[in-house]
Amino acid sequence: MRLLPLLLAALGVQQVLAADCAREAKVATHFMNGYVQHLIDRSGDRAAPSVSGWIRESKAVTRSFKLGHQRLEEEGRKSDPDLGWGDDLILDAQDFPAQGFRFSACKGAGLVELRGVDWEAFVLVVKVIELDGQHLVEGAGRVNVSVSERARR
C-alpha cells in the first residue's frame, strides 16, 4: 500500500511533464510547419521575404535564435560567399519534408523531436523555452542546438 501513493505521485509528475511537453511540441510543430510553408512560398515567389527576413519578423522565436541564425549565416558566408554552409541552418539539411512536420517525442530540457509527415526518416530537433510566460523557439537544426542534441544525420 505504501507504493500506491508513490505511484500516484509519479503519475501526477508525468501528467505535468506531458502538459509541458504538449505546449513545447505545439510551438515547435507550428514554427517548423510555418517555416516549411515559407520555403514553399518563397520558391514560387522570389518577392517573398528571405529566410533571414522571415526570421527577423517572427514572433515565435527568441532574440537569441535570431542572433544565432544571423551569426551562423555570417560564418558560412565567410567560408563560401556564394553557398555559405551549403545547407539550411534551421533544417540542418539541404531538403525538407514538403508536407511539414509532426511531433515525435520530447527529449527533455525543452528539446522536441519532430519527424517529416511525408518523410518519416527526416528527424529534426527544436529547442523551446518559456520566456516571460510565453513558449518560444530558442533553437532548431543547427541554430542554438548543440551537436549532441541534434538529430543524427
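These notes cover the structure that comes with them.

Thresholds, definitions, all that
- Residues numbered from 1 in each chain as written.
- Predicted model: local features only at pLDDT ≥ 70, side-chain atom pairs only at ≥ 80, totals over all residues.
- Heavy atoms only, no water.
- Pairing = 2+ DSSP bridges.
- Helix = DSSP H or I, 4+ residues; strand = E, 2+ residues; numbered from the N terminus.
- Axes fitted to C-alpha atoms, helices over the stretch in contact; angles between N-to-C directions.
- Disulfide = S-S within 2.5 Å.

With antiparallel pairing, four strands are arranged side by side in an open sheet as β1-β2-β3-β4. Only two strands of the sheet have a single neighbouring strand rather than two, namely β1 (101-108) and β4 (134-140). Here the average twist between neighbouring strands, direction ignored, is 35 degrees. Here six bridges tie strand β3 (residues 123-131) to β4, and the two strands are oriented antiparallel to one another. Among the inter-strand pairings, Ile129 is bridged to a residue of β4, identified as Leu136.

So, about the state of the cysteines. Within this structure, the stated rule accounts for one disulfide. With its sulfur 1.6 Å from that of its partner, Cys21 forms a disulfide with Cys106. Classification of the bridge connecting Cys21 and Cys106 rests on its S-S torsion, roughly 90 degrees, and on that basis the disulfide is right-handed. Residue Cys21 is found in helix α1 (residues 3-44), and its partner Cys106 is found in strand β1; the two are separated by 85 residues along the sequence.

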